[in-house]
Amino acid sequence: MIRLLCVLGHGHELLPHFIEHYSKHVDEIQFVIYESSASPRILSRSKPIIRKYDNCKIVKVVRDRVFDWEKVTILYNMIKSKKKNDWWVIADIDEFHVYPYSNLRDMVKECDENLWSVVRGGFIDRVGPKGVFPKLEDSTPIFEQFPYAGFFRYPMSNACPNKICVVKGNIEITNGQHYANMHNVRIGDGQNNARGFFTQPLV
């Protein structure tokens, strides 16, 4: 079983694109809805969209005064630990993974065969025509709306470019979902058990 987990605290307008993008890769998409002072109506706005899809469900609702990134990571770890042997795609709502395999199941199969537990990636930033951020359209595929890719968030704001993208449920990830706690990750033949690929978040 391959599941996706997203802690949703903003960006509900991305949901149709997000679900369409990942539905071809995973068996189930789970959402934790995080309401805060920044997005006090995220539940009422996202629930009607999520309910349209049979493979999607809201598994938890959290309310707090701020969108706390440490709490977000705790939620990711808590939810996926309930299915320790399953593979989990970890993706914020503005992250659209692009895998080196056309079928994620093939990549997961290779990981299982090699006893790998973590798949790492790196952020690629995407922008619209002429380098602008266009108003999002539901009817146009999102990669057509953001056709140009680059790497500018790190040099501009020192934002960490590392990302844990796919991981077994028993592996704990660190704040920001940038790294795995390697003390509980199997090491074999002197090599780290990770496969690398790139994610493409929209910023």
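Up top is the structure these notes are about.
What comes next is a walk through the structure. (Residues numbered from 1 in each chain as written. Predicted model: local features only at pLDDT ≥ 70, side-chain atom pairs only at ≥ 80, totals over all residues. Heavy atoms only, no water.)

1. Re the side chain of Gln177
Part 1 of the argument: Considering the arrangement of structural elements, one finds Gln177 in the loop between β9 (162–168) and β10 (194–201).
Part 2 of the argument: A polar contact of 2.7 Å, which involves the side chain of Gln177, links it to the side chain of Thr73.
Part 3 of the argument: What Gln177 contacts, discounting residues up to four positions off in sequence, is Val72, Thr73, Tyr76, Ile90, Asp92, Asn162, Lys163 and Ile164. (Helix = DSSP H or I, 4+ residues; strand = E, 2+ residues; numbered from the N terminus. Polar contact = N/O pair within 3.5 Å; in protein donor to acceptor, adjacent residues only side chain to side chain. Contact = heavy atoms within 4.5 Å.)

2. Description of unusual backbone geometry
Part 1 of the argument: The residue Leu115 is not glycine, and still its phi comes out positive at about 60 degrees.
Part 2 of the argument: With phi around 60 degrees, Gln177 is a residue other than glycine that occupies positive phi space.
Part 3 of the argument: Gln177 sits in the buried class, given a relative accessible area of 0%. (Buried < 20%, exposed > 50% of the residue type's maximum accessible area, 1.4 Å probe, protein only.)

3. Describing the nonpolar core
Part 1 of the argument: Formed by 35 residues in total, the largest nonpolar core has its most connected members in Leu4, Phe18, Phe31, Val89, Leu104 and Val166.
Part 2 of the argument: Mapped onto this core, the elements with two or more residues apiece are β1 (2–8), α1 (15–23), β2 (28–35), α2 (42–50), β4 (87–90), α4 (104–113) and β9.
Part 3 of the argument: Other than its neighbours up to four places away in sequence, Val89 contacts Ile2, Arg3, Leu4, Leu5, Tyr22, Val26, His97, Tyr99, Leu104, Cys165 and Val166.
Part 4 of the argument: With 18 residues, the next largest nonpolar core counts Val118, Val167, Ile171 and Ile173 among its residues. (Core = buried A, V, L, I, M, F, W, Y, C linked by side-chain atoms within 4.5 Å.)

4. Things to note about helix α3 (residues 69–80)
Part 1 of the argument: The end-to-end C-alpha separation of α3 is 17 Å, in line with the 16 Å expected for twelve residues at 1.5 Å each.
Part 2 of the argument: Along α3, the positions that sit buried rather than exposed are Val72, Thr73, Leu75, Tyr76, Asn77, Ile79 and Lys80.
Part 3 of the argument: For α3, the secondary structure elements touched by its buried residues are β1, β2, β3 (56–63), β4 and β9.
Part 4 of the argument: One side-chain oxygen of the residue at the start of α3 lies 2.9 Å from the amide nitrogen of Glu70, identifying that residue as Asp68. (Expected span 1.5 Å × (residues − 1).)

5. Examining the environment of Val26
Part 1 of the argument: One can find Val26 in the loop between α1 and β2.
Part 2 of the argument: The class of Val26 is buried, set by a relative accessible area of 4%.
Part 3 of the argument: Counting along the chain gives 24 residues from Val26 to Ile2, while the straight-line C-alpha distance between them is 5.1 Å.
Part 4 of the argument: Those residues in contact with Val26 that sit more than four places away from it in its chain are Ile2, Arg3, Leu4, Val89, Leu104 and Arg105.

6. Side note on the packing of aromatic side chains
Part 1 of the argument: Summed over the entire model, instances satisfying the criterion amount to seven aromatic pairs.
Part 2 of the argument: Seen in terms of ring centroids, Phe96 and Phe143 are 6.3 Å apart; in terms of plane orientation they differ by 90 degrees. Their pairing is edge-to-face. With Phe96 in strand β5 (residues 95–98) and Phe143 in helix α5 (residues 142–145), this pair connects stretches of sequence that are 47 residues apart.
Part 3 of the argument: Feature note: the residues Phe18, Tyr22, Phe31, Phe96 and Phe143 constitute an aromatic cluster, connected by ring pairs. (Phe/Tyr/Trp six-rings, centres within 6.5 Å; stacked < 30°, edge-to-face > 60°.)

7. Quick look at the side chain of Glu35
Part 1 of the argument: Looking at where Glu35 falls in the secondary structure, it is placed in strand β2.
Part 2 of the argument: A polar contact is formed between the side chain of Glu35 and the backbone nitrogen of Leu43, at a distance of 3.2 Å.
Part 3 of the argument: When near neighbours in sequence (up to four residues on either side) are disregarded, Glu35 contacts Pro40, Arg41, Ile42, Leu43, Ser44, Val62, Arg63 and Asp64.

8. Let's talk about the pattern of salt bridges
Pairs can form between side chains of opposite charge once their charged atoms are near each other.
Part 1 of the argument: Tallying each qualifying case throughout the model produces seven salt bridges.
Part 2 of the argument: In this structure, Arg3 and Asp86 form a salt bridge, with 2.8 Å as the shortest nitrogen-oxygen distance. Highlighted residues: Arg3 in strand β1 and Asp86 in the loop between α3 and β4, separated in sequence by 83 residues. Per residue, the accessibility class of Arg3 equals that of Asp86, and both read buried.
Part 3 of the argument: For the salt bridge of Glu95 with Lys163, the shortest nitrogen-to-oxygen distance reads 2.7 Å. Taken as a pair, Glu95 in strand β5 and Lys163 in strand β9 lie far apart in primary sequence, 68 residues in all.
Part 4 of the argument: Relative accessible area serves as the criterion here: at 1%, Lys163 is assigned to the buried category.
Part 5 of the argument: What emerges from the salt-bridge pattern is a single network uniting Arg3, Glu28, Lys57 and Asp86. (Salt bridge = Lys/Arg side-chain N within 4 Å of Asp/Glu carboxyl O.)

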